[in-house]
Amino acid sequence: MMRLIVFILTCYIVSEFGGVGQKMKKSFYASACIQGIHGGAIKLTDDAFYFVCQKITIPNDYKMLKIPYENIELISYHMFALIFPIVKIKVKTGKKYKFVIFNKRKFQRCINELNDSDLR
């Protein structure tokens, strides 16, 4: 029952955040890799990469994370234990974020379409 409530809450939050006038491009179920694995959702809009997670144990800067595309320096893709696709995002300030995204190819295609420069 608790999983169903978390799933519904995550779907609602993904549909609501991003601002007025934002066109939702794509959403992905994802997990942030910080102090463990924390499930949430990624939303790619016209202007930014968003990650939302409502877990109590995750740091506040990850709960409603927004990274404008112009602030992204590098996106790299790795596999962990031959099962988990890890996406690493490095921003121009030097901060790095790690996420598990199972639909890596679709994510890569969508973020490259939304961003002017080809991030790889």
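Read on for a plain summary of the structure.

The rules behind these values
Residues numbered from 1 in each chain as written. Predicted model: local features only at pLDDT ≥ 70, side-chain atom pairs only at ≥ 80, totals over all residues. Heavy atoms only, no water. Helix = DSSP H or I, 4+ residues; strand = E, 2+ residues; numbered from the N terminus. Buried < 20%, exposed > 50% of the residue type's maximum accessible area, 1.4 Å probe, protein only. Patch = residues over 30% accessible without salt bridge, like charges linked within 9 Å, V, L, I, M, F, W, Y side chains within 5 Å. Areas by Shrake-Rupley, 256 points an atom, 1.4 Å probe, with all protein chains shown as cover. Salt bridge = Lys/Arg side-chain N within 4 Å of Asp/Glu carboxyl O. Pairing = 2+ DSSP bridges. Phe/Tyr/Trp six-rings, centres within 6.5 Å; stacked < 30°, edge-to-face > 60°. Core = buried A, V, L, I, M, F, W, Y, C linked by side-chain atoms within 4.5 Å. Contact = heavy atoms within 4.5 Å.

## Brief notes about the overall build of the protein chain
Here is step 1: The number of helices and strands found in the protein chain is three helices and seven strands.
Here is step 2: Listing the helices and strands of the protein chain from first to last along the sequence gives α-β-β-β-α-β-β-β-β-α.
Here is step 3: When the 120 residues of the protein chain are sorted by exposure, 40% land in the buried category.

## Quick word on the environment of Glu70
Here is step 1: Along the chain, the position of Glu70 falls in the loop between β4 (64-68) and β5 (72-80).
Here is step 2: Look at Glu70 and you get exposed, because its relative accessible area is 54%.

## Some thoughts on a nonpolar patch on the surface
Here is step 1: Where nonpolar side chains cluster on the molecular surface, the patch consists of Phe80, Leu82, Ile83, Phe84 and Phe102 and spans about 620 Å² of accessible area.
Here is step 2: Its location among the elements puts Phe102 in the loop between β7 (96-101) and α3 (104-114).

## Section: the pairing of strand β6 (residues 84-91)
Here is step 1: Taken together, the eight bridges between β5 and β6 define a ladder with antiparallel strand orientation. Of the residues in β6, the one forming a bridge with Met79 is Pro85.
Here is step 2: One ladder, built from five bridges, connects β6 with β7; its direction is antiparallel. Paired with Val87 across the bridge in β7 is Phe99.

## Structural notes on the packing of aromatic side chains
Here is step 1: According to the stated counting rule, one finds five aromatic pairs in the structure shown.
Here is step 2: Between Phe49 and Phe99, the ring centres sit 5.4 Å apart and the planes meet at 55 degrees, which makes this aromatic pair tilted. Taken as a pair, Phe49 in strand β3 (residues 48-52) and Phe99 in strand β7 lie far apart in primary sequence, 50 residues in all.
Here is step 3: Phe99 gets classed as buried once you look at its relative accessible area, which sits at 0%.
Here is step 4: Taken together, the aromatic side chains of Phe28, Phe49, Phe51, Phe99 and Phe107 make up a single cluster linked through ring pairs.

## Looking at the nonpolar core
Here is step 1: Ile42, Leu44, Phe49, Phe51, Phe99 and Phe107 are the most contacted members of the largest nonpolar core, which totals 26 residues.
Here is step 2: Among the elements of the structure, β1 (24-33), β2 (37-45), β3, β4, β5, β6, β7 and α3 are those that each provide at least two residues to this core.
Here is step 3: Those residues within four positions of Phe107 in sequence are excluded, and the remaining contacts are Phe28, Ile42, Leu44, Phe49, Tyr77, Val87 and Ile101.

## A word on the pattern of salt bridges
Here is step 1: A full pass over the atoms with the stated rule returns three salt bridges.
Here is step 2: With its nearest N and O atoms 3.7 Å apart, the salt bridge here joins Lys90 to Glu73. Pair noted here: Lys90 is in strand β6 and Glu73 is in strand β5, with a separation of 17 residues, a long-range link.
Here is step 3: Overall, Lys90 belongs to the partly exposed group, its relative accessible area being 27%.
Here is step 4: Put simply, Glu113 and Arg109 hold a salt bridge, and the shortest N to O gap is 3.9 Å. Remark: Arg109 and Glu113 occur in helix α3; sequence separation between them is four residues, near one turn of the helix.
Here is step 5: With relative accessibility at 59%, the residue Glu113 sits in the exposed group.

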